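Examining the three-dimensional arrangement
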Amino acid sequence: MTVIKKETVVLKNYINGEWVTPQGTETQDVPNPATGETLARVPISSKADVEQAVNAANEAFMTWKNTPVPKRARILYKYHYLLTENHEKLARLVVQENGKAYKEAYGEVQRGIECVEFAAGAPTLMMGETLSNIAEDIDSEMFRYPLGVIGGITPFNFPMMVPLWMFPLAIACGNTFVLKPSERTPILATELVELFTQAGAPKGVLNIVHGAHDVVNGLLENQDVKAISFVGSQPVAKYVYEQAAAQGKRVQALSGAKNHHVVMPDADMEKAVTHIISSAFGSAGQRCMACSAVVVVGDGDEFVAALKQKADELIIGNGLNDEVLLTPVIRDTHREKVLDYIITGLEEGATLIRDGRKEMDEIKEGTFLGPTIFDHVTHDMTIAKDEIFAPVLSLLRAKDLDEGLEFIRKSRYGNGATIYTKDAKAVRQFREEADAGMLGINVGVPATMAFFPFSGWKDSFYGDLHVNGKDGVNFYTRKKMITSRFDY
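The structure reproduced in this document is the subject of the present report.

Broken down by element type, the chain carries 17 helices and 22 strands. Counting the 488 residues in the chain, one finds 56% classified as buried. Counted over contacts in the chain with a minimum sequence separation of 6, partners at least 24 positions apart contribute 73%. Entry remark: accessible area of the chain is about 21,000 Å², with carbon and sulfur atoms responsible for 50%. Across the chain, 51 positive and 63 negative side-chain charges occur, with their mean positions spaced 4 Å apart.

With 13 residues, helix α10 (residues 269–281) extends 18 Å between its outermost C-alpha atoms, agreeing within 8% with the 18 Å of an ideal straight helix rising 1.5 Å per residue. Those residues of α10 that fall on the buried side of the exposure criterion are Ala272, Val273, Ile276, Ile277, Ser279, Ala280 and Phe281. Here α10 starts with a cap whose side-chain oxygen sits 3.3 Å from the backbone nitrogen of Glu270, and that cap is Asp268.

Quick look at the packing of aromatic side chains now. Counted under the stated rule, the structure contains 11 aromatic pairs. Measuring from ring centre to ring centre gives 6.0 Å for Tyr102 and Tyr106, while their planes differ by 50 degrees; the resulting arrangement is tilted. Of the two residues, Tyr102 and Tyr106 both sit in helix α4 (residues 102–119), 4 residues apart, roughly one turn of that helix. Centre to centre, the rings of Phe475 and Tyr476 are 5.2 Å apart; their planes meet at 75 degrees, and the pair counts as edge-to-face. With relative accessibility at 2%, the residue Phe475 sits in the buried group. By way of ring pairs, the aromatic residues Tyr79, Phe167, Phe177 and Phe196 are connected into one cluster. The residue whose ring lies beneath Lys480 is Tyr145, and the NZ or CZ to ring-centre distance is 4.5 Å.

The bulk of non-glycine residues show a negative phi, and the bulk of peptide bonds are trans. One non-glycine residue, Phe389, lies in the positive phi region at around 60 degrees. Looking at where Phe389 falls in the secondary structure, it is placed in the loop between α14 (382–385) and β16 (392–398). On the accessibility criterion, Phe389 (18% relative accessible area) is buried. Not every positive phi belongs to a glycine, and Asn442 is a case in point at roughly 60 degrees.

Conventions and cut-offs
Residues numbered from 1 in each chain as written. Predicted model: local features only at pLDDT ≥ 70, side-chain atom pairs only at ≥ 80, totals over all residues. Heavy atoms only, no water. Helix = DSSP H or I, 4+ residues; strand = E, 2+ residues; numbered from the N terminus. Buried < 20%, exposed > 50% of the residue type's maximum accessible area, 1.4 Å probe, protein only. Contact = heavy atoms within 4.5 Å. Areas by Shrake-Rupley, 256 points an atom, 1.4 Å probe, with all protein chains shown as cover. Lys, Arg positive; Asp, Glu negative; His and termini not counted. Charge placed at Lys NZ, Arg CZ, Asp CG, Glu CD. Expected span 1.5 Å × (residues − 1). Polar contact = N/O pair within 3.5 Å; in protein donor to acceptor, adjacent residues only side chain to side chain. Phe/Tyr/Trp six-rings, centres within 6.5 Å; stacked < 30°, edge-to-face > 60°. Lys NZ or Arg CZ within 6 Å of the ring centre and 35° of its normal.

Right, here's the structure in full:
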């Protein structure tokens, strides 16, 4: 019997309403992190491909910017309907190419849909302001206008949510868009653009160019790209911000994180342990709002023992298994970097109380690493300072809340922080003094909803206007002031 081998699909770029083969010939495999199965091959496009997409977007902008705002909103309403209809399919795509658990993938799809809901409010969001009689017989008005072509560069860890942070709102505001999804998770982006086209988006309004460095630099250097929205690692975020700003572009570059969770002596231990386990090890720790450092205030030995026990009970495996919480890291190359951090933690004197490397020997397929917990970490250790982006948790001991807050202040990052306590005084002190942009009170992942800005501080963000909420509207529009005299 002859066995016919299924040919691996090679993805294409989407430019001016058509799927286009890139000019370059290089491609990369897109494996399922849980099984190693090759799902597709992604092209590594060139700057010439970027120029083609930007030209299409720039031409489409000439018409799209004058499209009535309610008509734009109706396309987004239809898009919202199509995304909702395909919720389960999209979640399964996230699991396959990213590796995260289905429940988390389903939640990610929901968060992306909520971004479209927000953008569909464009008629309200685009409203200007007026004031009559700023002087005798003189009125003043403010109108919002789109910028032009926007470039979006998205990471592997949220292939659904992060693109929907960007292009629906940008397009709702009258801009056109060129998206560069992560070459590690490019498949879902093709589904997003297919559904957007079905919703009625005109040609050239949304374009996709797959690739790596050349595509990023092509977007940064092209003078017709008026703004860049980026989510990724700190070194790349800083590079994107500096290069794009030097070209006179607007930039919002979301970066790395080291999120501290403070456990006070009066905390509900069982709930705190549950929240921290989910936050630290869900999505294999590969999210910028994951708990990666726990500040244990006071005598925390009982809490630490409970945390380790809960970590030992975690089910590790393929995200399509409903019982699984801890899934694989994205690639073997990333896992090797994480293993180096574990060795560094030991060399610098931290106590490894839960070694996730043993699961690597037990699970032969995929790029798995078990929950890894270091105790007695000090704030000057490498594992306490760097974003590891993996299921590796550092425990720091503090004598009181003041010392715990000092640990947070010393971190170069400022995405999020959480406190577990029943003490109102401690909550208020934490709220006022914690040096991070998104705080949680007895909440494991204090990420904001689409109608609020995702408000990272310090080296977790480069730029002035954050994604989502009113910041997002302001980022994607410019204001025109009109002053009128009426005594003629």
